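In case you want the letters, here they are:
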Amino acid sequence: LILGDHLRFAERPLRHPEFIVPFRLDSAAPHEIFLKVSSSGALQVPLSLTSPEYFWQQDRIMTLLEGGSYFICLIMALYNFMLFLFLRDKSYLYYVLYIVFFVAALGTNRGWSFQFLWPQSPRLQDIGIVFCTLVAIANACAFAASFMRLHKLAPRQHKLVNGMALACVVLALVTPWLDYHLAIQIMVGFSLTCSLTLAVVAFAVWYRSHSRQAAHQ
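Residues numbered from 1 in each chain as written. Predicted model: local features only at pLDDT ≥ 70, side-chain atom pairs only at ≥ 80, totals over all residues. Heavy atoms only, no water.

> I tried to follow unusual backbone geometry on my own but got confused; where do I start?
Phi angles above zero are rare outside glycine, and Arg88 is one such case at about 60 degrees. Mapping Arg88 onto the fold places it in the loop between helix 1 (52–87) and helix 2 (90–110). Classification of Arg88 by relative accessible area gives exposed; the value is 61%. For Arg149, which is not a glycine, the phi torsion comes out positive at approximately 55 degrees. Here Arg149 is to be found in the loop between helix 4 (122–147) and helix 5 (150–153). Relative accessible area serves as the criterion here: at 47%, Arg149 is assigned to the partly exposed category. (Helix = DSSP H or I, 4+ residues; strand = E, 2+ residues; numbered from the N terminus. Buried < 20%, exposed > 50% of the residue type's maximum accessible area, 1.4 Å probe, protein only.)

> Can you help me understand the side chain of Asp126 in this one?
Inspection of the secondary structure puts Asp126 in helix 4. Buried within the structure, Asp126 lacks any salt-bridge partner; its nearest side chain of opposite charge belongs to Arg123, at an N-O separation of 4.7 Å. Setting aside anything within four residues of it in sequence, one finds Asp126 in contact with Asp5 and Tyr180. (Lys, Arg positive; Asp, Glu negative; His and termini not counted. Salt bridge = Lys/Arg side-chain N within 4 Å of Asp/Glu carboxyl O. Contact = heavy atoms within 4.5 Å.)

> What's the story with the nonpolar core in this structure? I'm lost.
Nonpolar side chains in soluble globular proteins tend to be buried together. Judged by nonpolar contacts, the single largest core of 16 residues is most densely connected at Cys141, Leu150, Val161, Met164, Cys194, Leu198 and Val201. Of all elements in the fold, only helix 4, helix 6 (155–174) and helix 7 (180–216) reach the threshold of two or more residues within this core. Of the residues forming this core, the biggest block, five residues, is contributed by helix 4. Every residue in contact with Leu198, bar those within four places of it in the chain, is listed here: Ala140, Cys141, Ala144, Val161 and Met164. Listed in part, the ten residues of the second largest apolar core include Val130, Tyr180, Ile184 and Met187. (Core = buried A, V, L, I, M, F, W, Y, C linked by side-chain atoms within 4.5 Å.)

> I'm lost on the environment of Pro13 in this one. Help?
Inspection of the secondary structure puts Pro13 in the segment before helix 1. Not counting chain neighbours up to four residues away, the residues in contact with Pro13 comprise Leu1, Leu3, Ile20 and Pro22.

> Looking at this model, I keep getting lost on the side chain of Ser91. Mind explaining?
Summarising the element assignment, Ser91 is placed in helix 2. In this structure Ser91 comes out as buried when scored by relative accessible area, which is 6%. At 2.6 Å, the side chain of Ser91 forms a polar contact with the side chain of Ser146. Sequence-distant contacts of Ser91, defined by excluding residues within four places in its chain, comprise Phe143, Ser146 and Phe147. (Polar contact = N/O pair within 3.5 Å; in protein donor to acceptor, adjacent residues only side chain to side chain.)

And the structure:
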C-alpha cells in the first residue's frame, strides 16, 4: 500500500485529510507491520492504532474544534474588514489579509484544501502551503509597519520591513517554479527572520518613544 501527498486525493483508502488505513488484525496472533517513510520537506509521522468507532468519534470532535477555530478567525477578519471600510486605515486591511492567508495556510497544511479545492493536483497542494504562508508573512510585515507608524517613527526600519514584505510576495509568486524542498526551506527561513526582525523593530520603536517621553518630562 502506497500513501503520500504526491498521489491524488481519490487514491487514498479513505477520503480524509489524514492518511487512514483500514485493516483487520487477529488479536490472538502477533503481527509485524513495516513502514518506509520519506519526504522532501518536513516530516511528521504520528501513528495510532484504534477501532473505527473510536476513531470517527474523536475525529468528529476534532473537526468541530478545528472548524470552530477557523470560524472565529474568519469572524475576526470580517470585523476588521468592516473597520477598514469605515475608518479607511490600511492597517486593518493588512490584518484582514494576514488572517485570511494564515487560515488558508493552516487549512492547506492540514489537508482540507487538498480534499475540497484541488483533489486532483498534489502539486497545487505543495504550492499552496508555501504560497499562503509567504503571503501571510508579507501582510504581517505590512501590518506591523503601518500599525507602528514606522514611516514617521523609524524610516530606516520602515524600508527594511517593507523590503521583507516585498521579498515574501516575490517568493510567493515564483513558488510554482521552485523545488518543493527549497521552497519549504525558504518559507521557514523567512518566517524566522521576519518574526525576529519585527520583534526587534517593535522593541526599538517602543524604547525610542519611551525615551523621548521621559526626556520631555
